[in-house]
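Understanding the architecture of this molecule
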Protein chains: 2
Amino acid sequence: MPRFRLALAQTNPIVGHRSHNAQTLLECARVAYDQGAQAMLSGELSLTGYPIEDLALRDNFLELSRASLAELASALQAEGMGDMAVIVGHPDGPHTLADDATILHSAARATNSASVLLGGKIQATYAKHHLPTYAVFDESRTFVPGTETLILRMAGVDAGILICEDLWRSDGPVETLTGYPLGLLLVPNASPFQRDKATVREPLVTQRAQEMNTHVAYVNIAGGQDDLVFDGDSMIVSPAGHRTVSSAWFDEDVTVADLEIPSFGAEAPLPAGARRVELAGVRAPGSQPLPPPTPRTDDPLELVWQAITTGIRDYVNKNSFPSVILGLSGGIDSALCASLATDALGPERVFGVGMPSAHSSEHSLEDAQALAENLGLSYRVEGITKLVAGFDEQLGLTGLAAENVQARARGVLLMALSNQEGHLVLTTGNKSELAVGYSTIYGDSVGGFAPIKDVPKTLVWELARWRNARAQSLGETPPIPANSIDKPPSAELRPDQTDQDSLPDYELLDQILELLVVQGYDAPQIVARGFEEALVHEVVALVSRAEWKRRQGAIGPRISSVAFGRDRRLPITNTLSQFERPE
Amino acid sequence: MPRFRLALAQTNPIVGHRSHNAQTLLECARVAYDQGAQAMLSGELSLTGYPIEDLALRDNFLELSRASLAELASALQAEGMGDMAVIVGHPDGPHTLADDATILHSAARATNSASVLLGGKIQATYAKHHLPTYAVFDESRTFVPGTETLILRMAGVDAGILICEDLWRSDGPVETLTGYPLGLLLVPNASPFQRDKATVREPLVTQRAQEMNTHVAYVNIAGGQDDLVFDGDSMIVSPAGHRTVSSAWFDEDVTVADLEIPSFGAEAPLPAGARRVELAGVRAPGSQPLPPPTPRTDDPLELVWQAITTGIRDYVNKNSFPSVILGLSGGIDSALCASLATDALGPERVFGVGMPSAHSSEHSLEDAQALAENLGLSYRVEGITKLVAGFDEQLGLTGLAAENVQARARGVLLMALSNQEGHLVLTTGNKSELAVGYSTIYGDSVGGFAPIKDVPKTLVWELARWRNARAQSLGETPPIPANSIDKPPSAELRPDQTDQDSLPDYELLDQILELLVVQGYDAPQIVARGFEEALVHEVVALVSRAEWKRRQGAIGPRISSVAFGRDRRLPITNTLSQFERPE
């Protein structure tokens with residue numbers, strides 16, 4: 001069977017940074033070209049990054065994106081790569097729309113598109129039909145749907161093109177192209193990581209490859225963008241449904257592959273609603289040998305670890321922070337965050353601060369100190385006793401007010417060091433705490449990035465044990481002190497306090513939160529699964545009442561299918577518990 | 001011409017509080033019934049409040065809403081009002097959808113509907129066709145569109161029914177119904193206040209009334225829901241295009257009106273795609289005289305004032321806060337917020353705190369004191385000099401770090417008083433500051449509600465002057481000290497500081513911000529309007545860099561067409577200035 005040599009270019013774009021993103025695509029093209037690729041496929045909106053949100057509504061943004069696309073086509077030609085078809089994702093517009101749409105103040109005027117660059121020119125452009133508007137996606141807000149189905153004919157192969165959500169839906173372009181003898185289906189994606197994503201993404205690609213009897217080349221973007229982490233994991237699946245090519249997890253990667261095309265040169269009538277574009281001048285496939293595939297992990301905890309470290313690294317670097325700072329309490333949450341940050345950035349860019357109070361136990365300072373030594377990060381101790389006494393004495397604080405002021409003195413202290421020394425403050429709260437509001441707003445919630453905000457407490461422990469075991473297996477010192485893992489969790493804001501004074505056991509709490517927040521079940525459905533009714537209602541009420549705090553919280557990497565943030569949009573003012581509980 | 005007596009029920013629902021909302025509708029029905037109304041029209045989602053956001057994705061929420069609707073129908077019948085048609089807005093579902101939609105994790109399964117209650121039963125249900133997904137609206141996320149056009153035949157009149165956005169679009173049900181001899185078009189709405197709304201809402205209703213040759217009854221909801229304030233302003237416009245009925249601004253209101261129906265009993269073929277429902281047993285119109293209309297203001301500044309006080313009052317009351325507390329600096333922002341809060345809640349629910357530092361001028365404390373006396377609110381002074389010295393000495397703070405720690409000590413102080421005494425903290429930043437990031441995060445930004453977050457600094461001054469003039473015209477003491485209005489604005493975080501050390505003149509800044517943020521223009525478009533290029537780029541960069549702070553900010557009432565919040569969704573990590581500025 002004849003052969004087509006295709007490159008998958010999995011890039012890590014910075015939203016809005018067209019010169020950086022175009023330069024990255026040009027460098028990938030060089031790698032692909034030198035390996036004899038005939039075409040290179042990059043991810044969804046690879047030119048501008050994803051998600052661009054309301055930037056898509058700005059004419060100037062759209063016009064400059066168009067200009068960058070044309071410049072990239074010229075640069076590819078100028079560098080002698082004009083005979084390789086390069087597929088680039090970009091917003092296309094502003095389009096002129098019908099009257100009604102334009103009376104609306106902020107109506108979308110762009111399509112979410114992918115264009116083929118060849119011979120120094122933009123040869124064809126496909127616009128995404130299905131605009132996801134659920135979970136973290138808002139594409140109906142920012143884009144208008146495409147209406148045309150496109151077939152690219154190049155070097156004897158007919159290639160279909162879809163963008164992300166188009167592949168997930170059986171109507172629209174999938175329906176139009178099914179039955180047509182495609183040699184190849186090209187699919188740029190911006191598909192963020194979540195723990196269960198691998199169990200839905202690959203089966204879907206496999207199903208479509210078999211149904212449509214074609215190779216499916218699925219290219220994702222990589223890297224962190226605010227709360228989203230794109231895990232890469234680009235792939236090719238053969239018409240028989242076998243995954244033949246895999247790109248790296250989370251990182252930039254160019255993977256070149258030879259595809260045996262069964263339907264090479266096949267002629268068939270064009271399906272209704274489809275347009276075919278002849279791409280003349282695509283080079284013959286190279287014959288140089290291709291490098292062997294790089295081994296990839298399939299350990300689910302390692303993937304979560306990589307997701308979070310990628311999220312931290314890209315937030316810090318893409319926003320030009322020199323370093324991060326965080327409070328080290330001796331507890332498990334801050335220990336895990338420090339380990340993650342050190343793996344992400346190196347110990348020289350991580351600064352820890354022990355901030356003991358009168359209620360801190362001795363082991364707290366010792367555990368923090370041991371952690372800092374294990375990780376090799378910069379560590380200092382700044383007590384808060386005198387700072388807190390100032391507020392307590394002046395205002396006569398008692399009870400919760402006196403507890404919170406300790407957390408807030410630590411917040412002020414970390415922000416002062418951030419202002420003085422230029423670090424980004426990391427806030428160390430986990431998803432279980434965030435859910436039930438077990439945190440002090442403007443206290444321990446202070447910071448620009450929250451590494452474990454989507455990690456439930458039980459997973460915090462799992463990840464800590466996993467990281468220590470990994471160190472052990474490599475003959476390194478386990479970073480996290482065993483005592484930080486084993487001792488009962490405590491906020492240490494009053495004598496002998498533990499989390500379980502105020503909260504249900506974390507094993508139980510996390511099960512209820514998984515059903516409530518991630519699976520989207522409501523109270524009666526959770527009770528029906530065997531949880532105690534009063535407890536379920538208590539948790540539902542806590543989660544509802546903490547909405548205002550979460551709204552003022554830092555962003556952090558999403559690792560589940562429903563993180564707190566744009567995944568889950570609920571009013572602050574609502575009487576939800578009345579709705580959840582039969583009156 | 002025959003007569004139809006219609007009641008407009010403009011309610012102030014609490015999101016999620018079905019028993020409260022149903023009770024309110026029942027009370028409105030009593031008023032309407034006693035005035036002889038044949039039908040009562042309420043606003044969009046009047047049973048559940050608007051916007052319900054992701055609550056619409058929960059089966060239990062939908063099932064309980066359905067149950068409440070049926071109970072309300074029974075209650076109306078039981079109270080002897082079964083022969084008045086009552087139109088209630090509610091989410092309808094969960095509907096069973098096609099395969100593809102349900103594979104998506106959080107797919108919408110409800111319609112945004114309105115039902116007619118009559119004779120103790122739900123007689124007919126209309127589902128909204130056009131789901132707004134722009135500005136503050138996310139309806140494509142949470143609802144599926146309706147497909148049927150409905151005509152209600154009652155007491156010899158054919159009434160069409162549309163929901164909100166349906167009226168704004170000329171395709172869909174408006175197209176279907178145009179040309180049919182409707183006597184009346186019933187339109188429930190949830191249309192939030194913005195300063196220019198009156199200039200678009202009434203002309204649109206007028207245009208449709210004339211085009212479709214029918215009375216249009218437009219009923220809005222009223223009151224504050226988180227950041228949105230629904231201004232009421234329900235109306236009836238006659239087929240000739242005259243506004244014949246107006247409900248109150250912002251408040252609950254039942255307005256009953258007699259309509260002369262030109263097309264009474266007219267027979268015409270049913271338009272394709274429409275269904276007609278006969279509503280048997282609607283009573284004859286009452287003949288009791290109707291009360292004269294209540295006078296309404298048309299002062300644009302008074303409407304802004306009412307929008308903000310409504311937003312404060314409803315956030316505080318719907319979330320059951322006993323009182324509010326805020327820092328009084330002697331400056332204009334906190335003075336305006338205190339005046340607004342006092343007008344919203346009464347002086348006994350407002351607590352002011354003067355928090356002088358070493359850099360506070362003498363007039364600051366005097367002006368704060370005078371304000372508190374004028375307003376009659378509880379006032380105390382808590383200096384921060386010692387609190388700040390603790391941090392300064394321990395950490396050796398200088399420059400920006402030393403400035404910010406003052407604002408943060410004030411934040412801790414206010415939160416401690418909030419924890420100790422139960423007040424909601426109001427944060428007093430204005431829109432201009434929020435735009436350019438001229439605030440200390442976890443300092444002056446601390447609080448659960450931000451009354452003037454959508455008020456630019458120049459409008460802050462206007463509103464202050466308006467409120468003082470209003471007091472003067474009523475023979476009362478102007479609440480805001482003249483000195484707070486007239487002195488140059490300063491954060492007073494270092495000696496002799498003024499805002500204009502760091503920022504352009506507010507007149508100029510607000511003009512640029514209006515173009516950038518509200519009108520959505522980009523830098524070249526603003527420069528083309530005659531503003532200095534370097535200044536425009538500086539402002540664009542400041543606004544872009546402050547995105548992370550705004551994300552952690554409190555909500556507050558939206559009074560413009562683009563407030564910071566769900567109106568304007570932009571990535572934190574982006575290199576926008578590169579896109580705005582030709583490279």
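Definitions and limits used
- Residues numbered from 1 in each chain as written.
- Chains lettered and ligands numbered in written order.
- Predicted model: local features only at pLDDT ≥ 70, side-chain atom pairs only at ≥ 80, totals over all residues.
- Heavy atoms only, no water.
- Salt bridge = Lys/Arg side-chain N within 4 Å of Asp/Glu carboxyl O.
- Helix = DSSP H or I, 4+ residues; strand = E, 2+ residues; numbered from the N terminus.
- Buried < 20%, exposed > 50% of the residue type's maximum accessible area, 1.4 Å probe, protein only.
- Pairing = 2+ DSSP bridges.
- Axes fitted to C-alpha atoms, helices over the stretch in contact; angles between N-to-C directions.
- Parallel < 35°, antiparallel > 145°, perpendicular 65-115°, else oblique.
- Contact = heavy atoms within 4.5 Å.
- Nonpolar A, V, L, I, M, F, W, Y, C, P; charged D, E, K, R; others polar.
- Expected span 1.5 Å × (residues − 1).
- Buried area = accessible area lost by both parts, 1.4 Å probe.
- Polar contact = N/O pair within 3.5 Å; in protein donor to acceptor, adjacent residues only side chain to side chain.
- Core = buried A, V, L, I, M, F, W, Y, C linked by side-chain atoms within 4.5 Å.
- Domains from an automatic or database assignment.
- 1 Å grid on protein atoms, 1.4 Å probe; cavity = no way out; pocket = protein on both sides within 12 Å on 5 of 7 lines; lining within 4 Å.
- Points joined across faces, edges and corners; volume = space filled by probe spheres on them.
- Left-handed = near helix turned anticlockwise from the far one by under 90°.
- pLDDT = per-residue confidence, 0-100.
- Least-squares fit on C-alpha atoms with pLDDT ≥ 70 in both.

1. Thoughts on the pattern of salt bridges
Taken as a whole and assessed by the stated rule, the structure comprises 74 salt bridges over all chains. The shortest N-O distance in the salt bridge between B:Arg550 and B:Glu547 comes to 3.0 Å. With B:Arg550 and B:Glu547 both in helix α19 (residues 547–551) and three residues apart, this pair spans about one turn of that helix. For B:Arg550, a relative accessible area of 10% translates into the label buried. On the basis of relative accessibility, which here comes to 6%, the residue B:Glu547 falls in the buried class. Each of the salt bridges in this network shares a partner with another, and the network as a whole consists of A:Arg201, A:Glu202, A:Asp231, A:Asp233, A:Arg243 and A:Arg296.

2. Structural notes on the pairing of strand β4 (residues 111–118) of chain A
Residue and element names in this part refer to chain A. Burial runs high along β4: eight of the eight residues are buried. Alternating positions in β4 separate into two faces, Thr-111, Ser-113, Ser-115 and Leu-117 on one and Asn-112, Ala-114, Val-116 and Leu-118 on the other, with burial throughout. Two strands pair when backbone bridges link them, and strand β3 (residues 85–92) and β4 are joined in this way by seven bridges, in the antiparallel orientation. By the bridge assignment for β4, Asp-92 is matched with Thr-111. When β4 meets strand β5 (residues 121–127), the two strands line up antiparallel, connected through six bridges. Note on β5: the bridge partner recorded for Ser-115 is Thr-125.

3. Thoughts on the packing of helix α8 (residues 300–318) of chain A against helix α14 (residues 457–473) of chain A
All names here are of chain A. The contact between α8 and α14 brings their axes to 10 Å, and the two run at 100°. Relative to α14, the element α8 lies roughly perpendicular. Residues Leu-301, Glu-302, Val-304, Trp-305 and Ile-308 of α8 form the contact with α14, whose own contacting residues are Leu-459, Glu-462, Leu-463, Trp-466, Arg-467 and Arg-470. Here the residues of the contact of α8 with α14 sort into seven nonpolar, no polar and four charged.

4. A few points about helix α1 (residues 18–34) of chain A
All names here are of chain A. Compared with an ideal rise of 1.5 Å per residue, which puts 17 residues at 24 Å, α1 spans 24 Å between its outermost C-alpha atoms and is within 8% of the ideal. Among all positions of α1, only Arg-18, Asn-21, Ala-22, Thr-24, Leu-25, Leu-26, Cys-28, Ala-29, Ala-32 and Tyr-33 are buried. Phi turns positive, to about 80°, at Gly-36, one or two residues after α1.

5. A few points about the interface of chain B and chain A
Counting residues at the interface gives 96 residues for chain B, matched by 95 residues for chain A. Summed over both sides, the interface between chain B and chain A buries roughly 8500 Å², with carbon and sulfur atoms accounting for 54% of that surface. Our count for the contact surface shared by chain B and chain A stands at two salt bridges. Across the pair B:Arg569 and A:Asp138 runs a salt bridge, and its minimum N-O distance is 3.7 Å. Joining chain B to chain A, the criterion identifies 32 residue pairs in polar contact (both at pLDDT 80 or more).

6. A look at the nonpolar core
By size, the foremost hydrophobic cluster in this structure holds 69 residues, and its most contacted members are A:Leu336 and A:Leu463. Each of domain 1 (3–99 + 110–279) and domain 2 (300–580) of chain A gives at least three residues to this core. Among all residues touching A:Leu463, those that are not within four sequence positions of it are A:Leu301, A:Val304, A:Trp305, A:Ile308, A:Leu336 and A:Val455. One finds B:Trp305, B:Cys337, B:Leu515 and B:Val536 within the second-largest nonpolar core, a separate group that totals 68 residues.

7. Overview of empty space enclosed by the protein
In this approach, a probe sized like a water molecule rolls over the atoms, and the result shows the empty space that is left. For the structure shown, the criterion picks out 12 cavities of 30 Å³ or more. Of the voids in this model, the largest cavity is the one considered here, and its volume is about 1200 Å³. If you go around the largest cavity, you meet 49 residues; those closest to its centre are A:Arg551, A:Arg566, B:Arg551, B:Gly565 and B:Arg566. Contributions of two or more residues to the lining of the largest cavity are made by α4 (139–142) and α19 (547–551) of chain A together with α19 of chain B. Classifying every residue of the lining of the largest cavity by side-chain character gives 16 nonpolar, seven polar and 26 charged.

8. Quick look at the sheet that holds strand β18 (residues 378–381) of chain B
All names here are of chain B. Taken in spatial order, the four strands make up an open sheet running β18-β17-β16-β19, and their pairing is parallel. This sheet does not close on itself; its edge strands, each paired only once, are β18 and β19 (424–425). Sheet analysis places strand β16 (residues 324–327) next to β19, joined by two bridges and oriented parallel. Bridge pairing links Val-324 to Leu-424 in β19. Sitting on the sheet, helix α9 (residues 332–345) is in contact with β16 and β17 (350–354), with an inclination near 165° to β16.

9. Considering the packing of helix α9 (residues 332–345) of chain A against α14(A)
All names here are of chain A. As a packed pair, α9 and α14 sit with axes 10 Å apart at the nearest point and diverge in direction by 50°. By the angle between their directions, the pair α9 and α14 is classed as oblique. In terms of crossing hand, the pair formed by α9 and α14 is left-handed. Taken together, the residues of α14 that come into contact with α9 (itself represented by Ile-332, Asp-333, Leu-336 and Asp-343) are Lys-457, Val-460, Trp-461, Leu-463, Ala-464 and Arg-467. A per-class count over the contact of α9 with α14 returns six nonpolar, no polar and four charged.

10. Section: the confidence of the model for chain A
All names here are of chain A. Of the residues in chain A, 97% have a pLDDT of 70 or more, and the chain-wide mean is 94. This stretch, residues 577–583, has a pLDDT under 50; its non-local contacts, to residues over four places away or in other chains, come to 23 contacts. The ipTM for the predicted assembly is 0.95, set against a pTM of 0.96.

11. With respect to the relation of the copies chain B and chain A
Each copy of the chain is related to the other by a rotation around an axis and a translation along that axis. Overlay of chain B on chain A (RMSD 0.0 Å): rotation 180°, translation along the axis 0.0 Å. What the rotation and shift describe, once combined, is the action of a two-fold rotation axis. Scanning chain B for the C-alpha nearest the rotation axis identifies B:Gln552, at a separation of 2.0 Å.

12. Section: the domain arrangement of chain A
All names here are of chain A. When the domains of chain A are assigned, the result is domain 1 (3–99 + 110–279) and domain 2 (300–580). Measuring from the centre of the C-alpha atoms in domain 1 to the corresponding centre in domain 2 gives 38 Å. Listed as interface residues are 21 residues of domain 1 and, on the opposing side, 21 residues of domain 2. Around 2000 Å² of area is buried between domain 1 and domain 2 when both sides are counted, 53% of it from carbon and sulfur atoms. If you sort the residues of domain 1 by the area they bury against domain 2, Phe-193, Arg-195 and Asp-227 come out on top, with a joint share of 30%. Where domain 1 touches domain 2, the interface holds 12 residue pairs in polar contact (both at pLDDT 80 or more). Grouping the constituent residues of the side of domain 1 that touches domain 2 by class yields 11 nonpolar, four polar and six charged.

13. Side note on unusual backbone geometry
Trans is the prevailing form of peptide bonds, just as negative phi is the prevailing case for residues other than glycine. The amide bond that connects B:Tyr50 to the next residue, B:Pro51, takes the cis arrangement and shows omega of -5°. Relative to the helices and strands, B:Pro51 resides in the loop between β2 (39–42) and α2 (59–78). In this chain, B:Gly93 is followed by B:Pro94 through a cis amide linkage whose omega measures 0°. Summarising the element assignment, B:Pro94 is placed in the loop between β3 (85–92) and α3 (99–103). Positive phi values are uncommon outside glycine, yet A:Asp233 reaches one of about 60°. Within the secondary structure layout, A:Asp233 lies in the loop between β11 (228–231) and β12 (235–237).

14. Observations regarding α9(A)
Look at α9(A): 20 Å from first C-alpha to last across 14 residues, which is about the 20 Å you get at 1.5 Å a residue. Of all 14 residues in α9(A), 13 are buried; the element is thus mostly enclosed.

15. Here we look at the environment of B:Gly390
Relative to the elements of secondary structure, B:Gly390 occurs in helix α11 (residues 385–395). Since its relative accessible area comes to 24%, B:Gly390 is described here as partly exposed.

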